[in-house]
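Listed below, chain by chain, are the residues.
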Amino acid sequence: MSRAVLFDLDGTLVDSDGDHLVAFQKVFAPYGIELDRALYTREIMGASNAMIGERFLSHLPAEEREAVLAAKEAAYRD
């Protein structure tokens, strides 16, 4: 029996960047962070959640930053 693992790096099989952008916009808006496609592409695409949190949410305590990023993941899945 042959076995294979298939995974998708965003944009490889499915272009999900638009959905990620909308999810980030939704969770960042209450913090006054306006995110457009250019800023998303330049500062978020390919970055880890830790890096994104440092870049955009450094004014928040670490626990709140993690909660915002978890909310983004939930918004994306919804």
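Provided above is the structure to which this section pertains.
Residues numbered from 1 in each chain as written. Predicted model: local features only at pLDDT ≥ 70, side-chain atom pairs only at ≥ 80, totals over all residues. Heavy atoms only, no water.

(A) Focus on helix 1 (residues 17-28). Here helix 1 spans 16 Å end to end across twelve residues, near enough to the 16 Å set by a 1.5 Å rise per residue. Within helix 1, the full set of buried residues consists of Asp17, His20, Leu21, Ala23, Phe24, Val27 and Phe28. Around the axis of helix 1, the buried residues are gathered within 165 degrees of arc, so they sit on the same side. Turned more than 90 degrees away from the buried face of helix 1, the exposed residues are Val22 and Lys26. Structurally, helix 1 contributes buried residues whose contacts are with helix 2 (37-43), helix 3 (49-57) and helix 4 (62-77). (Helix = DSSP H or I, 4+ residues; strand = E, 2+ residues; numbered from the N terminus. Expected span 1.5 Å × (residues − 1). Buried < 20%, exposed > 50% of the residue type's maximum accessible area, 1.4 Å probe, protein only. Arc of directions from axis to C-beta. Contact = heavy atoms within 4.5 Å.)

(B) Quick peek at the nonpolar core. Counting 15 residues, the largest nonpolar core has Phe24, Phe28, Leu35, Ile44, Ile52, Phe56 and Leu57 as its most contacted members. Mapped onto this core, the elements with two or more residues apiece are helix 1, helix 2, helix 3 and helix 4. Excluding anything up to four places from it in sequence, Ile52 contacts Phe24, Phe28, Ile44, Ala47, Leu57 and Leu69. (Core = buried A, V, L, I, M, F, W, Y, C linked by side-chain atoms within 4.5 Å.)

(C) How the structure looks around the packing of aromatic side chains. Taken as a whole and assessed by the stated rule, the structure comprises three aromatic pairs. For the ring pair Phe24 and Phe28, a centre distance of 5.4 Å and an interplane angle of 55 degrees mean the geometry is tilted. Of this pair, Phe24 and Phe28 both sit in helix 1, four residues apart, which is roughly one turn of that helix. A relative accessible area of 3% means that Phe24 is categorised as buried. Using a relative accessible area of 0% as the deciding quantity, one classes Phe28 as buried. Between Phe24 and Tyr40 the ring centres are 6.3 Å apart and the planes differ by 50 degrees, which places this aromatic pair in the tilted class. Remark: Tyr40 occurs in helix 2 and Phe24 occurs in helix 1; sequence separation between them is 16 residues. Chaining the aromatic ring pairs together yields one cluster made of Phe24, Phe28, Tyr40 and Phe56. We note Arg55 situated over the ring of Phe56; from NZ or CZ to the ring centre the distance is 4.7 Å. (Phe/Tyr/Trp six-rings, centres within 6.5 Å; stacked < 30°, edge-to-face > 60°. Lys NZ or Arg CZ within 6 Å of the ring centre and 35° of its normal.)

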